[in-house]
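Spelled out from the first residue to the last, the chains are:
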Amino acid sequence: MSRNEHNDELDRAVAAVTGEPIDRAIIASAAARVWERLSRAGAPAGAQGGAQAEERGNAPASHPAAGAGLRGCADFQSMIPAYLRGELTPARAMLIEDHTRGCVPCRRALRQAREALGRDPARSDQLRFSLSSGGAPAPSVQSRRMSSLAPRMRWAAAAALAAALGAGVLWLAQQVLPTLGGARMARVERIEGSLYQVSGESSFPIGAGDAVARGEEIRTAKDSRALVRMTDGSLIEMSGRTDLSLAAGRKGNTIRLQRGQVIVQAAKQRPRHLYVATDDCLVAVTGTIFAVNHGTKGSRVSVVGGEVRVTQSQRDTILHPGGQLTTRANLARVPVRQEIAWSGDATRYQGLLAELTAAAQAIDQQVPAPGLRGSTRLLDLVPAGTTIYVALPNIASSLGETHRLLDQRIAASDVLRQWWSDALGTSANQERFRDLIRQIGDLGKNLGDELVIAAGPVSDSSDSAGSPGTSGGHSGALPVLLAEVTREAAFRATLEQEVAAINLRRQAPGTAGAPGQPLLRIVDDPSVAAAGTGSGNGADGRQVFLWVGHGLFAASPSLEQLAQVAKLRAGAANPFVASRFHDRIAQAYADGAGWLFSADLARLVAARRGSGQNAEHEKIAEQLGIYDLDNFIVNYREEQGGGETRAALTFDQPRRGISSWLAAPGPMGSLQFFSPDANLVAAFVVKSPVTLLDQLLNVSPQLAAELAKAETEHGFNLRDDLAAPLGGEVALGIDGPLLPSPSWRLVVEVYDPVRLQQTFARAVAQANQELRAAGRPQLELREERSGGRTYYSLLGAQTGQEIHYLFEGGYLLAAPAKALLDQALQQRASGTTLAGVAKLRDLLGRDGQINVSALFYQNVAPVISSMGQVLPGRPAGAGAAPDSALGGLLKGPSLFYAYAEESRIVFAGRSELGPLGRNLAMLTGFGAILGHIEQHRDASPAPAQVEAR
């Protein structure tokens, strides 16, 4: 057996032994005893009396060499001179060596002490004073020597044996989970170029086969790569100029990425996790392949296989193969191919994505998307006072068919089999997932085409919101689930079977269930059941009640909710039907409902209005029209190759305040100044800028007073000189090369260009007056006539920036270069503009509107593809065509737009499907839910907590 194979076998053995869970109380107690005895037993002979005196409550000194224990870095550092002179006992020397291995400040102090002692041995006593926490003189060497050689040797041998045994227990107690081979956590497998260990001011090269200890910082050089295998089996591939260290913790090992790029092939970790921590996010996995790129602007996380959970700003995001997340808004997404192209395994990674994409496309062709629903009988059955209404299509058959087709592909592909194993983890989890899909299919095949979840108070009465008599002490929203039943007898038989199995598992020994308290309870008559319990809910508030009757299935933690639903099903009048919220939802069905979410904002906002907590804030909210909010409805509808999302924000009166600033849909002439190849364009129409300014100043008298003072000092009027000359249309975009500087364009509608230019000239003159007084370089405003037009340029001598602009066709057109202005004018004259291309119009939804109030258009795929040609790490011979495995990520272009109507604003957008497609992404989502039951039982550590380990 080779040395490497022997090391791997030893690592696995150590991991298996140390991975056995140990009671925390036992560990803490053992660690405290071992540490105390080891630090006391290892004290010099002259210190023993001091230690005993301290136990009697009369400690004679605070210096750790003469005291009983070591309490911190200051105590360890005070013993460094004696350690260097060889005067410490073997036990104390072992403590120093173990501590300085994992403590950077103490290791640095040890190095400095060695250097000082080497330069001037006479300074050793002075050095002892500088490192001592108490500043008291250390005992002399003679006072710590034993009276004879033989007793000293016997004591040293006994102390060494005790130290060896105690250190082993202490090591196990401190780490709880394996640090694998003492402080060792990884081994360098391969290096292309140079790899260094960095410690303070020093760095030295390390080679293949060298160990990487806990807390040691390693860094690759420029144009270098390294492969590091952790002792848990995970592989870390480091790109050039990558800096990281490793840490061990109770919940798993952590890769602390300071900067650079890594690709991690995480070994199976359950029930633990492997983490990658940067200063702005935390990535948690249990076994998958993913890349993390961390630099000045932020972090980018890309997934090749399996599932990744990214925690950022206390928000969790789940990513699947082909998925990507960036931590900053100004950090764009890029093809995953670009993030992994530098890897030695790039071909294998891209092969996995290609197979996933092919499987997803084939499944989507065979499994149709759920149809749109034009109406529903369930809307009239939700309880009165409902404030949240969610309607989902019944996807039971789609999930079952998708799983069957995926099984066929997994059987024929080792790559997909490995991916699915990584996604679900253990074979037991895979079997549980299979059972879950079967259960959903058995129940769903006897239900109607949708499931509805409604939440809100039990009734409109005041005590229904949370009085003990009606809701069992619960406050806030009480949910109820509704679905129509197509075959009641078959559904009830299946339901009873599944409920019995779930309750049996919950009440099994070792689970959280309470004996005699089933989680699910089927009731025959909700009204009778509620009257019999004397309360609307179960005894502990954790039961869910189920009712099947009259072609309806209902579930809720409140028996009163079920009783109300049963009465409505029997024909009782429902006040909810007469509400505006009901009418808005009904209209969404009439337009075609897919995945529907809606909220009664009027009731939710009214709950906070008039609370008296901040009268000034309530006044401002009133002036801005916040209290006019009525409803919010989001409807996602799946279509061929993608999906459309429509959202409507409605108001209980004509829009006013801030919501009225967006104008009604109107023509956008500004789009004529952008080419069909524009990458990003945001355009919108607003009401008169004068009106916006007046409303803003009316809301804030303080701002109005400050503005009036500034106008008096500078001699201009913001309303008349700047706002009045402007129209109500603005567009800003990127249209052209991004390097060496972005080719941005700004287009603003202008009614009075002469006055606006006079305002610009006056502002530049006043700015130059202040710059001149401060002795700083001034601005230069130039004017040039060319081709019958007047070109203006504003130059900043200090910054070197230029802004060029002109007035054309009722618009101000600005760009960073005069050539970009000419290009825009030529395209407009030829008619080859963004406004005239079909790809923009085709992205707009089918409705009666001719124009929009606002839009955001993006087509960044060509830019990213072209940049990939010149970025380092691109595989040789790679063509310009987008990677087939990632085509679903950036099929672009895409468009988001809005319509501002009298009493509502409608938002809409079109999106493309990712590599997993529609059905496979939905299936893996259910797999994630199942995995998280086991995986995320404990809250994941925050980045700050990981750093503290």
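Just so it is clear, the model here is predicted, and its values are computed rather than measured.

Focus on the overall build of the chain
- A tally of regular secondary structure across the chain gives 30 helices and 35 strands.
- Residue burial in the chain is summarised as follows: out of 949 residues, 47% are buried.
- Within the chain, counting contacts between residues at least 6 apart in sequence, those at least 24 apart form 64% of the total.

Here's the deal with empty space enclosed by the protein
- Counted according to the given criterion, the structure contains four cavities of 30 Å³ or more.
- Put simply, the largest cavity is a space of about 60 Å³.
- Around the largest cavity sit Pro370, Gly371, Leu372, Arg373, Pro393, Gly594, Trp595, Tyr636, Arg637 and Glu638, which together line it.
- It is strand 24 (residues 629-639) that provides the largest number of residues to the lining of the largest cavity, a total of three residues.
- Residues of the lining of the largest cavity, tallied by class, amount to five nonpolar, two polar and three charged.

Thoughts on the pairing of strand 22 (residues 552-556)
- Taken across its five residues, strand 22 has five buried, putting it largely inside the fold.
- Neither face of strand 22 is open: one carries Leu552, Ala554 and Ser556, the other Phe553 and Ala555, and all of them are buried.
- As paired elements, strand 21 (residues 544-549) and strand 22 share five bridges and run antiparallel to each other. What sits directly across from Trp547, in strand 22, is Ala554.

Some points on unusual backbone geometry
- One non-glycine residue, Arg241, adopts positive backbone phi at about 55°.
- By secondary structure assignment, the location of Arg241 is in the loop between strand 7 (235-238) and strand 8 (243-249).
- The exposure class of Arg241 is exposed, given its relative accessible area of 55%.

Re the packing of helix 12 (residues 396-411) against helix 14 (residues 427-444)
- One can describe the packing of helix 12 onto helix 14 by two numbers: an axis separation of 8 Å at closest approach and a directional angle of 145°. Helix 14 is crossed by helix 12, and the crossing has left-handed handedness. Residues Ala396, Leu399, Gly400, His403 and Asp407 of helix 12 lie in contact with helix 14, whose contacting residues are Phe433, Arg434, Ile437, Ile440, Gly441 and Gly444.
- Residue composition of the contact of helix 12 with helix 14, grouped by class: five nonpolar, four polar and two charged.

Focus: the pattern of salt bridges
- Using the criterion set out here, one finds 30 salt bridges in the structure.
- The salt bridge partner of Arg328 is Asp280, with a shortest N-O separation of 3.7 Å. Placement of the pair is Arg328 in the loop between strand 16 (324-326) and helix 10 (336-340) and Asp280 in the loop between strand 10 (273-277) and strand 11 (282-285), with a sequence separation of 48 residues.
- Of the charged contacts in the structure, one is a salt bridge between Asp524 and Arg492, with a shortest N-O distance of 2.6 Å. A residue pair is termed long-range when its members are at least 10 positions apart, and Asp524 in the loop between strand 20 (520-522) and helix 17 (526-533) and Arg492 in helix 16 (residues 488-506) qualify at 32 residues.
- A residue is classified by how much of its surface remains accessible, and Asp524, at 62% relative accessible area, is exposed.
- The exposure class of Arg492 is partly exposed, given its relative accessible area of 22%.

Looking at the packing of aromatic side chains
- Here the structure, examined in full by the defined rule, presents eight aromatic pairs.
- Relative to Phe553, the ring of Phe491 has its centre 5.2 Å away and its plane inclined at 65°; by these criteria the two rings are edge-to-face. Residue Phe491 is found in helix 16, and its partner Phe553 is found in strand 22; the two are separated by 62 residues along the sequence. Like Phe491, the residue Phe553 is buried in the burial classification.

Section: the confidence of the model for the chain
- Summarising the model, the chain shows a mean pLDDT of 75, and 71% of its residues fall at 70 or more.
- For the chain, the element scoring lowest by mean pLDDT is helix 30 (residues 943-948), at 33; strand 32 (residues 811-815) scores highest, at 96.
- Note on residues 929-949: pLDDT is under 50 here. Beyond four places in sequence and across chains, it has 42 contacts.

Thoughts on the packing of helix 22 (residues 689-699) against helix 23 (residues 701-714)
- Their axes nearest at 5 Å, the elements helix 22 and helix 23 cross at an angle of 115°. For the element pair helix 22 / helix 23, the angle class is roughly perpendicular. For the pair helix 22 and helix 23, the contacting residues are Leu696, Leu697, Asn698 and Val699 in the first and Pro701, Leu703, Ala704 and Leu707 in the second.
- Looking at side-chain class alone, the contact of helix 22 with helix 23 contains seven nonpolar, one polar and no charged residues.

Here's the deal with the side chain of Glu711
- Within the fold, Glu711 resides in helix 23.
- Despite being buried, Glu711 has no salt bridge partner; Arg719 is the closest side chain of opposite charge, sitting 8.7 Å away.
- Residues in contact with Glu711, not counting those within four places in the same chain, are Phe716, Asn717, Leu718 and Arg719.

Structural notes on the pairing of strand 9 (residues 252-265)
- Of all 14 residues making up strand 9, 12 are buried, and the element is well covered by its neighbours.
- The pairing of strand 7 with strand 9 spans four bridges and is antiparallel. Within the sheet, the bridge partner assigned to Leu235 lies in strand 9 and is Gln265.
- The pairing of strand 8 with strand 9 spans seven bridges and is classified as antiparallel. The residue bridging Leu246 from the neighbouring strand is Ile255, located in strand 9.
- Where strand 9 lies against strand 10, five bridges are found, and the strand directions are parallel. Considered in strand 10, the bridge of Thr254 is made with Tyr275.

Topic: the side chain of Asn394
- In this fold, Asn394 is placed in the loop between strand 17 (388-393) and helix 12.
- Asn394 sits in the buried class, given a relative accessible area of 18%.

Looking at a nonpolar patch on the surface
- A grouping of Leu680, Phe856 and Phe896 is seen on the molecular surface, where their side chains present a nonpolar patch of about 250 Å² in accessible area.
- Overall, Phe856 belongs to the partly exposed group, its relative accessible area being 37%.

Notes on helix 22
- Within helix 22 the residues assigned to the buried category are Pro689, Val690, Leu692, Leu693, Leu697 and Val699.
- Of the surrounding secondary structure, the elements contacted by the buried residues of helix 22 are helix 21 (615-623), helix 23, helix 24 (718-723) and strand 27 (726-734).

Quick word on helix 23
- In this model, helix 23 (14 residues) spans 20 Å end to end at C-alpha, consistent with the 20 Å of a helix rising 1.5 Å per residue.
- The positive-phi residue at the C-terminal boundary of helix 23 is Gly715, with phi of around 75°.

Quick look at the environment of Asp280
- A residue is classified by how much of its surface remains accessible, and Asp280, at 11% relative accessible area, is buried.
- In this structure, the C-alpha to C-alpha distance between Asp280 and Thr327, residues 47 residues apart in sequence, is 7.0 Å.
- For Asp280, the contacting residues outside a window of four places in its chain are His294, Gly298, Ser299, Gln312, Thr327 and Arg328.
- A polar contact is formed between the side chain of Asp280 and the side chain of Ser299, at a distance of 2.7 Å.

Thresholds applied
Residues numbered from 1 in each chain as written. Predicted model: local features only at pLDDT ≥ 70, side-chain atom pairs only at ≥ 80, totals over all residues. Heavy atoms only, no water. Helix = DSSP H or I, 4+ residues; strand = E, 2+ residues; numbered from the N terminus. Buried < 20%, exposed > 50% of the residue type's maximum accessible area, 1.4 Å probe, protein only. Contact = heavy atoms within 4.5 Å. 1 Å grid on protein atoms, 1.4 Å probe; cavity = no way out; pocket = protein on both sides within 12 Å on 5 of 7 lines; lining within 4 Å. Points joined across faces, edges and corners; volume = space filled by probe spheres on them. Nonpolar A, V, L, I, M, F, W, Y, C, P; charged D, E, K, R; others polar. Pairing = 2+ DSSP bridges. Axes fitted to C-alpha atoms, helices over the stretch in contact; angles between N-to-C directions. Left-handed = near helix turned anticlockwise from the far one by under 90°. Salt bridge = Lys/Arg side-chain N within 4 Å of Asp/Glu carboxyl O. Phe/Tyr/Trp six-rings, centres within 6.5 Å; stacked < 30°, edge-to-face > 60°. pLDDT = per-residue confidence, 0-100. Parallel < 35°, antiparallel > 145°, perpendicular 65-115°, else oblique. Lys, Arg positive; Asp, Glu negative; His and termini not counted. Patch = residues over 30% accessible without salt bridge, like charges linked within 9 Å, V, L, I, M, F, W, Y side chains within 5 Å. Areas by Shrake-Rupley, 256 points an atom, 1.4 Å probe, with all protein chains shown as cover. Expected span 1.5 Å × (residues − 1). Polar contact = N/O pair within 3.5 Å; in protein donor to acceptor, adjacent residues only side chain to side chain.

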